[in-house]
Amino acid sequence: MPSAAVFGAAGYTGALSAKLLYDHPAFDLRWITARSDAGQRLDHLYPHHRVPLALEEFDLDRHADVDAAIVAYPHGAAAEVVADLRERGVRVVDLSADFRLRDGAVYEEWYRPHPALELLPEAVYGLPELYREQIRGADVVANPGCYPTAAILSLAPLARAGMIADVVIDAKSGASGAGRAATDATHFVTVDENVNAYGVPRHRHTPEIEQELAALGADVRITFTPHLLPLDQGELVSCYVTLNPGGERVDARAIYLEAYADEPFVEVAETPPGVRSVRETNICRISVHEDERTGRMIVFGAIDNLWKGAASQAVQNLNLMFGLPEGEGIS
């Protein structure tokens, strides 16, 4: 039974990662750490997760004695911890953005100077539907962002088919996507009965989506605008695709059904999905529609931002890395 740790387990995604690993039949969750909440038990901080382990202050010498780790630190803070863990032989899934972008210069443009550039070539982008075989052999997996997970899965079949000339992504997420620390923008009084766009016009998930679409054959500049909804969790992306002029017209739904026929965590639906359809699951539910009047394709994708958008996808990746059934502990 591989031993595991979750570093940064006091945040929403870290706490859910700890819950999934604590309940997992094949992992032994040995350590959970936090900074300001060190000393508290996780089931006191999050009673609904039922994890009766104490949060400890991170100590590399003590806590790196594990086979696997999920690092749930903010971008910029995660990279050095991941590098230290790799020096100790720990296989890591990183929930931050620190290893998602393959080009260090692009990372610096959108975030900050990268603190562990030497690890970028080693990291595998952790979207199993695209990189399953690479993840199996990886020691560092960069868990995708929640918006990129939904957007890339929604657009991948069209990108592979060479059909995308341009795309506008209108995205909406619950307030948990902003993390546990409340700000004025995510305070209940601000969020309740309200909808706000944010990250305009340069949200940091933009280059991640563009990177993966380009890898699939659609080298496009996207317009990506996220919105905050008065929900605790859940995410919906609405993608408006301008098709390549002169490209072969095909049955888009048939392309999606074929692309995801063997994917256990992607559902192709006839009608636009809602976030309740996927709540507390590792599923991305997608529907595609042709607008004959404008010639555009409209693609909808719904996920739970804390699950498929973060914690359960991290466990899906760990399952692949350790040769376990992909859905173990998350389905």
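As the structure is a computational prediction, the values presented were derived from the model and not from experiment. (Residues numbered from 1 in each chain as written. Predicted model: local features only at pLDDT ≥ 70, side-chain atom pairs only at ≥ 80, totals over all residues. Heavy atoms only, no water.)

Novice: If you had to explain the packing of helix α7 (residues 146-160) against helix α10 (residues 252-259) to someone new, which residues and values would you point to?
Specialist: Where α7 contacts α10, the axes come no closer than 10 Å and their chain directions differ by 110 degrees. Between α7 and α10, the interaxial angle falls into the category roughly perpendicular. The segment α7 lies against α10, with S154, L155, P157, L158 and R160 engaging I255, Y256 and A259. Partitioning the contact of α7 with α10 into residue classes produces 6 nonpolar, 1 polar and 1 charged. (Axes fitted to C-alpha atoms, helices over the stretch in contact; angles between N-to-C directions. Helix = DSSP H or I, 4+ residues; strand = E, 2+ residues; numbered from the N terminus. Parallel < 35°, antiparallel > 145°, perpendicular 65-115°, else oblique. Contact = heavy atoms within 4.5 Å. Nonpolar A, V, L, I, M, F, W, Y, C, P; charged D, E, K, R; others polar.)

Novice: Would you mind going over the environment of Y125 in detail, with residue names and values included?
Specialist: Here Y125 lies in strand β5 (residues 123-125). Overall, Y125 belongs to the buried group, its relative accessible area being 4%. Once you skip the residues sitting within four places of it in the chain, Y125 turns out to touch R100, R102, Y131, I135, A142, P144, P148, I152, E208, Q211 and E212. At 2.6 Å, the side chain of Y125 forms a polar contact with the side chain of E208. (Buried < 20%, exposed > 50% of the residue type's maximum accessible area, 1.4 Å probe, protein only. Polar contact = N/O pair within 3.5 Å; in protein donor to acceptor, adjacent residues only side chain to side chain.)

Novice: An account of the environment of P273 is requested, with residue identities and associated values reported.
Specialist: Summarising the element assignment, P273 is placed in the loop between β11 (266-268) and β12 (284-291). For P273, a relative accessible area of 7% puts it in the buried group. Measuring from C-alpha to C-alpha, the distance between P273 and A54 comes to 38 Å, with 219 residues separating the pair along the chain. Excluding residues that lie within four positions of it along the chain, P273 makes contacts with L236, R285, S287, F300 and A302.

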